[in-house]
Amino acid sequence: MGRYILRRLLQLIPVFIGTTFIIYSLVWALPGDPFAGKCGSRACPEAYVQMMTEKYNLDEPLPVQYVLYLGQLFQGNFGETFSGLEVSTLIQNAYPVTIKLAAIALVFEAVIGIAAGILTALRGNGFVDNLVLAATLFLIAVPVFVSGFVVQIVFGVQLGWMNPSVSTDPTIGELVVPGLILGSLSMAYIARLTRTAMFENKRADYIRTANAKGLKPRRVVSVHMLRNSLIPVITFIGTDFGALMGGAIVTEGIFNIPGIGNLVFQAIGGQEGTTVTGVVTLLVIVYLLMNLLVDILYAALDPRIRYD
Amino acid sequence: MSATDESTGGSTKPRLLEVEDLHVEFRTREATANVLNGVGYHVDAGETLAVLGESGSGKSVTAQSVMGILDTPPGFVTKGAIRYRGEELLAATEDRRRELRGENMAMIFQDALSALNPVYTVGFQIAEQFRFRRGMSRKDAMAKAAEMLDMVKIPNAKQRVKEFPHQFSGGMRQRAMIAMSLALDPDLLIADEPTTALDVTVQAQIMDLLDELRRERGMGMILITHDLGVVAEVADRIAVMYAGRVVEESDAESLYERPAHPYTEGLMESIPRLDQKGEQLASIKGLPPNLANIPEGCPFHPRCHRATDECRRKVPELLELRPGRYSACHFAEELISSE
């Protein structure tokens, strides 16, 4: 297992170099002049443009620019935005918000999704089952930018039960509704995934064995059926958490949440190559580490899987 | 039914297990299959009853009904009686039946790999019974589990309790399954094709082990199989099932000597024999009946070389021909006194 983890960590290196290079090239390959419109209605003074060009090595060929950038990055320097803000400070400000939002979405989708899945699987083909199937289908069919705006308008604007957008330093309470919106799609998938896995395992031979041993139904379900059924679900949740940690551009945009998704979105708009590359690099690493965590968790849940 | 006559006399001690006129239906949206149509057999303490028959004859369904682990739906017991030491199980509460499982009657299954939970250690699955049925601590229960593995002759039991089912070989897995079923010391063991999934050499070892344990513990055993070779060595009595009924019941020796039902005859002829090398293997022609549409009269008649008009019209009853010998065939008397 130790060797497996080491191998996986080593694999991060080429992935890291590949993704940063692609993102770096893509951002600078965007059409348009990054300094157009930076200085109000007038064109920027020649001296400013020259200074910035020098500072960001924009005269050099792209590979050289990239290597210079990478060199800075390895010294822990994420660089500065065009307006002189430290990119690392921006990340420090934005990431806690995104983590809070991701955590809310994750708890919601895991708890409600798994509970709904178990409930429908145990009840069989009754009213509850149909209700959950219809509700989850609805959630899967409606995109987040629709449900987000609808909730914002109905509950935020018309009924006034909540603020239409969050404050600059949002509390957990403010993030609950956006978190539910963000987690709703995955919640629907988790409910269906759990339900299918439970249905499959319900008729498994080892469940019959557990019954033949005279175990109480509660133990048969919660120990023998659930553990096996949750293996695919946990995998999904782990991967999804990796994605959530990458920020939610749409949800953060609707509720004006100053998270990592918003940061990236605005940086792309301003052609802030340093910011975009820095943030996305971080997100890639987080995602890869989350995936590694899922794989390790997977082996812990299913002893048949060994990585040696 | 007739096999249970003696016990209904009154003062005699009740049988260990008695199944009487058991009917089970499988209901699906398309059709209702009559899986059991009046099964009756009994087992006494210390004896082995072999239940023989092709796939779909109802051997396993009867066993699952006895254990109370029939999947409902689709399976429904519609009629009949199952008595354990005189106690009517079909009238008992679900809690009572669960109490009996493991403690009084236990079952082992054909494919130990799928019958054991893949994500828990073998020890955990045996210890579970000690923990939740006997209230033992985790540690004591694990020690007992190791003892059980030792009892079924798994070498290095203390280490192996910590292993998972997939780390065991096929034979070892079935031994572990046996250890698990015997954990709470039941007095009735149902073995549902315990050796079908195993190598021939391992089959013999497992059968020997089962027979030895049964003798030591004075258990009654129901051995479900379609392998006549397995039966010959260990069975005291044999019940042959066809289309959800017992069609012949006899002590093992007499049945081997002279079957009293054409279906049993067919089964015996389909055993490969060394002295008939090169000859074509005899098998019973045709297929077992569709249980949603069992033929009128004797259900075996479409496949029977003796079938007459009477067979097509009238269902033969299971009748006692000689003491302890029963057959459900219109020609039973002829068969038994032939040669």
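Residues numbered from 1 in each chain as written. Chains lettered and ligands numbered in written order. Predicted model: local features only at pLDDT ≥ 70, side-chain atom pairs only at ≥ 80, totals over all residues. Heavy atoms only, no water.

The name that an unreviewed UniProt entry assigns to chain B is Oligopeptide transport system ATP-binding protein, with the source organism given as Actinopolyspora xinjiangensis. UniProt, in the comment section headed Subcellular location (unreviewed entry), describes chain B in these words: "Cell membrane". (UniProt positions renumbered as here; feature names shortened; annotations may be inferred.)

The name an unreviewed UniProt entry gives chain A is Oligopeptide transport system permease protein, with Actinopolyspora xinjiangensis as the organism. As its UniProt record puts it under Sequence similarities (unreviewed entry), chain A is described as follows: "Belongs to the binding-protein-dependent transport system permease family."

Caption draft 1: Structural context of the UniProt feature "transmembrane region" (unreviewed entry) in chain A. Mapped onto the present numbering, the UniProt feature "transmembrane region" (unreviewed entry) falls on residues 12–30, 97–119, 131–155, 175–193, 229–255 and 275–301 of chain A. Across residues 175–193 of chain A, helical content stands at 100% and strand content at 0%; the span's end C-alpha atoms are separated by 26 Å. (Helix = DSSP H or I, 4+ residues; strand = E, 2+ residues; numbered from the N terminus.)

Caption draft 2: Representation of the layout of surface pockets in the model. Estimates place the volume of the largest pocket at around 820 Å³. Lys202, Arg203 and Asn211 of chain A together with Asp71 and Thr72 of chain B are, among the 26 residues lining the largest pocket, the residues nearest its centre. Within the residue set of the lining of the largest pocket, elements represented by two or more residues are α7 (172–202), α8 (205–212) and α9 (217–244) of chain A together with α2 (94–103) of chain B. Broken down by element, the lining of the largest pocket gets its largest block of residues, 4 residues, from α9 of chain A. Of the residues contributing to the lining of the largest pocket, the split by class is 12 nonpolar, 6 polar and 8 charged. (1 Å grid on protein atoms, 1.4 Å probe; cavity = no way out; pocket = protein on both sides within 12 Å on 5 of 7 lines; lining within 4 Å. Points joined across faces, edges and corners; volume = space filled by probe spheres on them. Nonpolar A, V, L, I, M, F, W, Y, C, P; charged D, E, K, R; others polar.)

Caption draft 3: Quick look at the sheet that holds strand β4 (residues 75–84) of chain B. Residues and elements named next belong to chain B. An order of β2-β1-β4-β5 is seen for the 4 strands of this open sheet, with the pairing classed as antiparallel. Since the sheet does not close on itself, it has two edges, and those belong to β2 (32–43) and β5 (87–88), each with one partner. Summarising the sheet, strand β1 (residues 17–27) and β2 pair through 9 bridges and their orientation is antiparallel. In the strand pairing of β2, Val19 is matched with Tyr41. (Pairing = 2+ DSSP bridges.)

Caption draft 4: Local environment of the interface of chain B and chain A. Contacts between the two partners involve 28 residues from chain B and, on the opposite side, 22 residues from chain A. Together, the buried faces of chain B and chain A total about 2300 Å²; carbon and sulfur atoms form 55% of this surface. Together, Arg98, Val119 and Glu128 of chain B form the three largest contributors to the area buried by chain B at its contact with chain A, with a combined 24%. Inspection of the chain B/chain A interface yields 3 salt bridges. (Contact = heavy atoms within 4.5 Å. Buried area = accessible area lost by both parts, 1.4 Å probe. Salt bridge = Lys/Arg side-chain N within 4 Å of Asp/Glu carboxyl O.)

Caption draft 5: A look at the pattern of salt bridges. Residue and element names in this part refer to chain B. Across all of its chains, the model carries 33 salt bridges over all chains by this definition. Two residues, Arg101 and Glu94, come together in a salt bridge whose shortest N-O distance is 3.1 Å. Judged by relative accessible area, which is 48%, Glu94 ranks as partly exposed. Each of the salt bridges in this network shares a partner with another, and the network as a whole consists of Glu18, Glu20, Arg83 and Glu88. (Buried < 20%, exposed > 50% of the residue type's maximum accessible area, 1.4 Å probe, protein only.)

Caption draft 6: The arrangement of the UniProt feature "domain: ABC transmembrane type-1" (unreviewed entry) in chain A in detail. Per the UniProt entry, the sites bearing "domain: ABC transmembrane type-1" (unreviewed entry) are residues 95–298 of chain A in this numbering. Taken end to end, residues 95–298 of chain A is 82% helix and 0% strand, and its two terminal C-alpha atoms sit 27 Å from one another.

Caption draft 7: Molecular detail of the UniProt feature "domain: ABC transporter" (unreviewed entry) in chain B. When the UniProt feature table is mapped onto this chain, "domain: ABC transporter" (unreviewed entry) is found at residues 17–268 of chain B. Between the C-alpha atoms that bound residues 17–268 of chain B the distance is 27 Å, and the span itself is 41% helix and 27% strand.

Caption draft 8: Region of interest: the pairing of β1 of chain B. All names here are of chain B. Hairpin geometry of β1 and β2 is characterised by an intervening segment of 4 residues between the two adjacent antiparallel strands. Looking at chain direction, β1 and β4 are connected through 8 bridges and run antiparallel. Bridging from a neighbouring strand, Glu25 pairs with Phe76 of β4.

Caption draft 9: Spotlight on the packing of α9 of chain A against helix α4 (residues 122–134) of chain B. It is at 14 Å that the axes of α9 of chain A and α4 of chain B come closest, and there the two elements cross at 150 degrees. When the axis of α9 of chain A is compared with that of α4 of chain B, the two are roughly antiparallel. For the pair α9 of chain A and α4 of chain B, the sense of crossing is right-handed. Residue-level inspection shows Arg219, Val223 and His224 of chain A of α9 of chain A in contact with α4 of chain B, the latter providing Phe124, Glu128, Arg131 and Phe132 of chain B. (Axes fitted to C-alpha atoms, helices over the stretch in contact; angles between N-to-C directions. Parallel < 35°, antiparallel > 145°, perpendicular 65-115°, else oblique. Left-handed = near helix turned anticlockwise from the far one by under 90°.)

Caption draft 10: Inspection of unusual backbone geometry at higher detail. Residue and element names in this part refer to chain B. The residue Arg85 is not glycine, and still its phi comes out positive at about 45 degrees. In this fold, Arg85 is placed in the loop between β4 and β5. Arg85 gets classed as partly exposed once you look at its relative accessible area, which sits at 37%. Of note, the phi angle at Ala243 is positive, near 50 degrees, even though the residue is not glycine.

Caption draft 11: Up close: the sheet that holds strand β11 (residues 319–322) of chain B. All names here are of chain B. Taken in spatial order, the 8 strands make up an open sheet running β6-β7-β8-β3-β9-β10-β12-β11, and their pairing is mixed. Looking at which strands have only one partner, the edges of the open sheet turn out to be β6 (105–108) and β11. If you compare each strand with its neighbour and ignore which way they point, the axes differ by 25 degrees on average. Both strand β10 (residues 245–251) and strand β12 (residues 325–327) contribute to a ladder of 2 bridges, which runs antiparallel. Its bridge partner being in β12, Glu248 is matched across the sheet by Ser327. Packing against the sheet, helix α8 (residues 200–217) makes contact with β3 (48–52), β6, β7 (188–192) and β8 (220–225), and its axis sits at approximately 160 degrees to β8.

Caption draft 12: Examining the side chain of Thr121 of chain B more closely. All names here are of chain B. As for its placement among the helices and strands, Thr121 is situated in the loop between α3 (112–115) and α4. In this structure Thr121 comes out as buried when scored by relative accessible area, which is 16%. With residues near it in sequence (within four places) discarded, Thr121 still touches Met142, Val161, Lys162, Glu163 and Phe164.

Caption draft 13: Geometry of the packing of α2 of chain B against α4 of chain B. Residue and element names in this part refer to chain B. Two elements in contact, α2 and α4, have axes whose closest approach is 11 Å; the angle formed by their N-to-C orientations is 140 degrees. For the element pair α2 / α4, the angle class is oblique. Crossing of α2 over α4 shows left-handed handedness. On α4, the residues that touch Arg98, Glu99, Arg101, Gly102 and Glu103 of α2 are Gln129, Arg133 and Arg134. Of the residues contributing to the contact of α2 with α4, the split by class is no nonpolar, 2 polar and 6 charged.

Caption draft 14: Main features of the side chain of Arg98 of chain B. Assignment of secondary structure puts Arg98 of chain B in helix α2. Overall, Arg98 of chain B belongs to the buried group, its relative accessible area being 11%. Residue contacts for Arg98 of chain B: discarding those within four places in its chain leaves Gly214, Leu215, Lys216 and Pro217 of chain A together with Arg133 of chain B.

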